[in-house]
Amino acid sequence: MNESVSIRPHGDGPAVHHERGQRSVFCGLTGIVWLHRKIQDAFFLVVGSRTCAHLIQSAAGVMIFAEPRFATAILDQRDLAGLADVHDELDSVVGRLLERRPDIKLLFLVGSCPSEVIKIDLVRAAQRLNAKHAPKARVISYSGSGIEKTFTEGEDACLAALVPTLPAEPATAAPSLMVVGALADIVEDQFAGLFKDMGVDARFLPARRADAMPAVGPNTRFILAQPFLAETARALEARGARRIAAPYPLGAEGTTLWLKAAAETFDVPAEKFEAAIAPGLARAQMTLARQREKLGGKTIFFFPDSQLEIPLARFLAREVGMKPVDVSTPYLHRALMAEELAMLPAETRLNEGSDVDAQLDRVREKRPDITVCGLGLANPLEAEGLTTKWAIELLFTPIQGYDQAGDLAELFTRPLARRSRLEV
Ligand code: SF4
């Protein structure tokens, strides 16, 4: 199937093309690689095939040697043929795992394509195992399968599954701020510090430990730190929490607008807000000025990967003067992206969905200075003389907030510098 239609959006922002066709993306299992680092007493047990095990091992690279907190319960021929009781086997695998690793407080059963195709009911399995092992360890399930989830949607599914288990905040509680989306610890600490300076007590979802997950209730105001959390946002709203609309905290401007949206919700006085952000903002602007010299005027092309493409294109266009010529995102959640779309240059070609052949045709025709794409496309495109940047690095590297703004821009200067060194 191959189609492309153009719809003018309501309000500001470029027109959106919708593409359907071949995809070249990670499945939702990949989220485990950064989520297991974030929630330090959680374990992710994928119920899948050898393919799933290999995917996680290659995505996690060297981390597999350092007593990892993820594994794959491999479905074998007997399971697939219905000869073995998969639930009995799962119970015994989980029992052995929790016995050997008493440090595990939260166990995620992660669904995959094979477990979904043969219809293993992991929701029911998680309930049964939870009844057996709670409160020592809680068991929750979500799907990371490639049929349902693209790359970062795995984090969305994981956090959405966590939301119903969060403690309830009493209706009489004072308004509280919840920052939603897995951030590197260093970024989380910086944001917590900035909010503290404004007199706002911020809590984070996910927390670093299973027993420290934030409470939620009708007085909870949440702000997304990542753009791909649509299902989690809906789950939080179902528990009465309300979302603070904002662009995402990438770059000096994005971070300021993001912090400001939260500060205004909590009636932080303007002077207090300015005083809190001034040092970080000045540092970010200084480092960005240096990167602007290297990146200004350069064109950039995004293949669809993480849903971070639009905020990144906005940041690169407005703060270091790049020209986003073609920006694809696997999904476009209009409500969650409204503020970003309004700031994206109107001449950007914006696409939702994937048709990798059409995108390859366009990238060859436009020959951008930098192409952001998955690992599978990067080397072939480099061989064609294009400079590429791996999209996955943007998830593994701390990029949000003032003190990371320069590093974020540098992630794009590095491939350019490498190519020019090789060409000398
Ligand atoms: S979940 Fe599906 S797409 Fe992901 S590794 Fe397993 S089989 Fe492949």
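Here is a short report on the structure shown in this document. (Residues numbered from 1 in each chain as written. Predicted model: local features only at pLDDT ≥ 70, side-chain atom pairs only at ≥ 80, totals over all residues. Heavy atoms only, no water.)

In terms of helices and strands, the chain carries 17 helices and 15 strands. In terms of overall size, the chain behaves like a compact globule, its C-alpha atoms giving a radius of gyration of 22 Å where 424 residues would be expected to give roughly 22 Å. Taking the principal axes of its C-alpha atoms as reference, the chain extends roughly 60 × 55 × 40 Å. Once local pairs closer than 6 in sequence are excluded, the contacts in the chain between residues at least 24 apart make up 73%. The positive charge centre, built from 49 side chains, and the negative charge centre, built from 54, are 2 Å apart in the chain. (Helix = DSSP H or I, 4+ residues; strand = E, 2+ residues; numbered from the N terminus. Rg over C-alpha atoms; globule rule 2.2 N^0.38 Å. Contact = heavy atoms within 4.5 Å. Lys, Arg positive; Asp, Glu negative; His and termini not counted. Charge placed at Lys NZ, Arg CZ, Asp CG, Glu CD.)

Throughout the structure, instances matching the rule amount to 20 salt bridges. Across the pair Arg 349 and Glu 19 runs a salt bridge, and its minimum N-O distance is 3.6 Å. Taken as a pair, Arg 349 in strand S13 (residues 349-354) and Glu 19 in strand S2 (residues 16-20) lie far apart in primary sequence, 330 residues in all. A salt bridge links Arg 203 to Glu 169, with the nearest nitrogen and oxygen atoms 2.9 Å apart. Of this pair, Arg 203 sits in strand S8 (residues 202-205) while Glu 169 is found in the loop between helix H7 (153-162) and strand S7 (176-180), placing the two residues 34 residues apart along the sequence. Classification of Arg 203 by relative accessible area gives partly exposed; the value is 28%. Of the residues examined, Glu 169 reaches a relative accessible area of 10% and is grouped as buried. Here the salt bridges do not stand alone but share partners, grouping Glu 19, Asp 326, Arg 349, Arg 362 and Lys 366 into one network. (Salt bridge = Lys/Arg side-chain N within 4 Å of Asp/Glu carboxyl O. Buried < 20%, exposed > 50% of the residue type's maximum accessible area, 1.4 Å probe, protein only.)

Take the environment of Gly 199 next. Here Gly 199 is to be found in the loop between helix H8 (185-197) and S8. A C-alpha to C-alpha distance of 7.5 Å links Gly 199 and Val 268, two positions 69 residues apart in sequence.

Right, let's get into H8. Between its first and last C-alpha atoms H8 spans 18 Å; for 13 residues at 1.5 Å apiece the expected length is 18 Å, and the two agree. If you check which residues of H8 are buried, you get Val 187, Glu 188, Phe 191, Leu 194 and Phe 195. In an axial view of H8, the angular spread of the buried residues amounts to 130°, which keeps them on one side of the axis. (Expected span 1.5 Å × (residues − 1). Arc of directions from axis to C-beta.)

Moving on: the sheet that holds strand S6 (residues 138-143). Here 4 strands make up an open sheet; going across it, the order is S4-S3-S5-S6 and the pairing parallel. Only two strands of the sheet have a single partner each, and these edge strands are strand S4 (70-74) and S6. Taken pair by pair, the neighbouring strands of this sheet meet at an average axis angle of 25°, ignoring direction. Two strands pair when backbone bridges link them, and strand S3 (residues 42-48) and strand S5 (residues 106-111) are joined in this way by 6 bridges, in the parallel orientation. In the strand pairing of S5, Phe 44 is matched with Phe 108. Packed onto the sheet, helix H2 (residues 50-60) meets S3 and S4 and runs at close to 165° relative to S4. Those strands touched by H7 are S3, S5 and S6, and its axis lies near 140° from that of S6. (Pairing = 2+ DSSP bridges. Axes fitted to C-alpha atoms, helices over the stretch in contact; angles between N-to-C directions.)

Counting buried residues along strand S9 (residues 220-224), 5 of its 5 residues qualify, which places the element largely inside the surrounding structure. Neither face of S9 is exposed, since Thr 220, Phe 222 and Leu 224 on one face and Arg 221 and Ile 223 on the opposite face are all buried. Summarising the sheet, S7 and S9 pair through 5 bridges and their orientation is parallel. Counterpart to Ser 176 in the pairing with S9 is Thr 220. Of the strand pairs in this sheet, S9 and strand S10 (residues 242-243) are connected by 2 bridges, and their pairing is parallel. Residue pairing across strands places Arg 221 opposite Arg 242, the latter belonging to S10.

As a further point, take the site of the ligand. Taken together, the residues surrounding the ligand are Cys 27, Leu 29, Cys 52, Leu 55, Ser 112, Cys 113, Pro 114, Ser 145 and Gly 146. Residue classes in the shell around the ligand are distributed as 6 nonpolar, 3 polar and no charged. (Near = heavy atom within 4 Å. Nonpolar A, V, L, I, M, F, W, Y, C, P; charged D, E, K, R; others polar.)

Another point: the side chain of Glu 169. Looking at Glu 169, its side chain comes within polar contact range of the side chain of Ser 176, at 3.3 Å. Those residues within four positions of Glu 169 in sequence are excluded, and the remaining contacts are Ser 176, Arg 203, Ala 215, Val 216, Gly 217, Pro 218 and Thr 220. (Polar contact = N/O pair within 3.5 Å; in protein donor to acceptor, adjacent residues only side chain to side chain.)

Per the counting criterion, the structure on display carries 8 aromatic pairs. Relative to Phe 151, the ring of Phe 26 lies with its centre 5.3 Å away and its plane at 50°, an arrangement referred to as tilted. With Phe 26 in the loop between S2 and helix H1 (31-38) and Phe 151 in the loop between S6 and H7, this residue pair connects regions lying 125 residues apart in the sequence. In this structure Phe 151 comes out as buried when scored by relative accessible area, which is 0%. Grouping aromatic residues by their ring pairs yields a cluster made of Phe 26, Trp 34, Phe 151 and Phe 396. Positioned over the ring face of Phe 396 is Arg 37, at 5.8 Å from the centre of the ring. (Phe/Tyr/Trp six-rings, centres within 6.5 Å; stacked < 30°, edge-to-face > 60°. Lys NZ or Arg CZ within 6 Å of the ring centre and 35° of its normal.)

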